[in-house]
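Structural overview
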Amino acid sequence: MTILVTGATGTVGRRVVEQLLERGEDVRALTRDPARATFPDGVDVVAGDLTDPASLGPALDGVSGLHLITFGGEFFAPLATGEEILALARAAGVRRVTVLHGGGETPMETAVRASDFAWAVVMPVEFMANALEWAPGIRSEGVVREPFVGRLSAMVHEADIGAVAAAALTEDGHGGQEYLVTGPQVLTVGDKTAAIAAARGADVELVELTEEQALETWRGQGMPEDVIAFLIDVYRDTPPEGRTVTDTVEKVTGRPARSFAQWAEEHADHFRAEVREAGTGS
C-alpha cells in the first residue's frame, strides 16, 4: 500500500519521504505544484491542496498511511479542513495517520486526536535546520549575531523527525502516541556556532545582541510582531520541553538521535565563504 505525505516539499516533509523510501515503502508526495517539485526517483508526486479537500480524492486512492501538517495557505494559517480530510481518508481505507505538531492547539491536530485512526502526534523541538538562517552572515562575514546566546535547546535533526513519523506510519503499536522528539544534546548558541566553525573549517564569531538590538534587527527585516514576540518569549525563557533531551528517537527507531555536529558536517557548504569566479579581480 501507498503512504501519502502532505507538506512534502517542506523541511520535515522531505525527510518523511526520504525515511519512508529507506524503509522500502511506496511514497506519494502531495504538493500544490508538482511541476516545480523535485523528489527522488520512485516518488509519486501528485497535485492537491489541504485547504481544498475536494482536490485530494486522487491523491488518497490506495493509500494506507497519511502524514499531515496543521497549517496551509498563506502565512501558515491553521488548517480548518481536518475533519473533511480525515473523512476522505477513512473512505479511502487509510489506517495510520501521523500529524506534525505545529505549536499550540490547532483544528487539524484536534481532529486527528479525536479520530479512530491509529494516529501519532509528532512533536519536534527546534529544528537543526533553523541554523541555516545564519548562513548568509557566516558566509559573508564569519559572524552570527543573536540575543540570549546562553539559551538552551535540545534541537533535533529533521531526518530524525522524519524517521519517527515513518516508523509510526509503517509499524503497529504507535496508535494514540504523542512523541516529543529532540536531539541528543542540550546546546547553547555558542555550542552551535562552534560546531558550524569546525564543520566549515573556519572560525565563526558570535556577537550577542541586546534585546533592543534584536527587536530593531527583526523589525528591519519585516518580521511580523507576533513572530517577534514569540521569539523573545522562547529565547528569554525556553520551555522545559525545548531544553530537555528525550530518548524518543532511539525508542521509536532503534538508533540514537543524530547530533548537531553531524548536521553541521552535512550542511557545511552552506556556511563556507563563496568562492569568487576567476577574473573578477579578487
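What counts and what doesn't
- Residues numbered from 1 in each chain as written.
- Predicted model: local features only at pLDDT ≥ 70, side-chain atom pairs only at ≥ 80, totals over all residues.
- Heavy atoms only, no water.
- 1 Å grid on protein atoms, 1.4 Å probe; cavity = no way out; pocket = protein on both sides within 12 Å on 5 of 7 lines; lining within 4 Å.
- Points joined across faces, edges and corners; volume = space filled by probe spheres on them.
- Nonpolar A, V, L, I, M, F, W, Y, C, P; charged D, E, K, R; others polar.
- Salt bridge = Lys/Arg side-chain N within 4 Å of Asp/Glu carboxyl O.
- Buried < 20%, exposed > 50% of the residue type's maximum accessible area, 1.4 Å probe, protein only.
- Helix = DSSP H or I, 4+ residues; strand = E, 2+ residues; numbered from the N terminus.
- Axes fitted to C-alpha atoms, helices over the stretch in contact; angles between N-to-C directions.
- Parallel < 35°, antiparallel > 145°, perpendicular 65-115°, else oblique.
- Left-handed = near helix turned anticlockwise from the far one by under 90°.
- Contact = heavy atoms within 4.5 Å.

1. Details of empty space enclosed by the protein
Where empty space is left can be seen by rolling a probe of water-molecule size over the atoms. Scanning the entire structure with this criterion turns up one cavity of 30 Å³ or more. Approximately 30 Å³ is the volume found for the largest cavity. Lining the largest cavity, in full, are Leu4, Thr6, Leu30, Leu50, Leu56, Leu60, Leu66 and Ile85. Its residues assigned to classes, the lining of the largest cavity shows seven nonpolar, one polar and no charged.

2. So, the pattern of salt bridges
Enumeration according to the criterion identifies 16 salt bridges in this entry. A salt bridge links glutamate 146 to arginine 151, with the nearest nitrogen and oxygen atoms 2.9 Å apart. Accessibility expressed as a relative area gives 10% for glutamate 146, which makes it buried. The class for arginine 151 is buried, based on a relative accessible area of 10%. The partner of aspartate 269 in a salt bridge is arginine 272, and the shortest N-O contact between them spans 2.4 Å. Of the residues examined, aspartate 269 reaches a relative accessible area of 58% and is grouped as exposed. Residue classification places arginine 272 among the partly exposed positions, given a relative accessible area of 33%. Each of Glu109, Arg113 and Glu178 takes part in salt bridges that share partners, so that together they form one network.

3. Some details on unusual backbone geometry
Leaving glycine aside, a negative phi is the common case for residues, and trans is the common case for peptide bonds. Positioned with a positive phi, phenylalanine 148 is a non-glycine residue whose angle comes to about 50°. Structurally, phenylalanine 148 is set in the loop between β9 (143–147) and α6 (158–170).

4. A short note on the packing of helix α8 (residues 211–220) against helix α9 (residues 225–236)
Two numbers describe how α8 lies on α9: the axes approach to 11 Å, and their chain directions differ by 150°. Judged by the angle between their axes, α8 and α9 are roughly antiparallel. As α8 runs across α9, the sense of the crossing is right-handed. Contact with α8, carried on its side by Glu211, Leu215, Trp218 and Arg219, involves Glu225, Ile228, Leu231, Ile232, Tyr235 and Arg236 of α9 and no other residues of that element. In terms of residue class, the contact of α8 with α9 is made up of six nonpolar, no polar and four charged.

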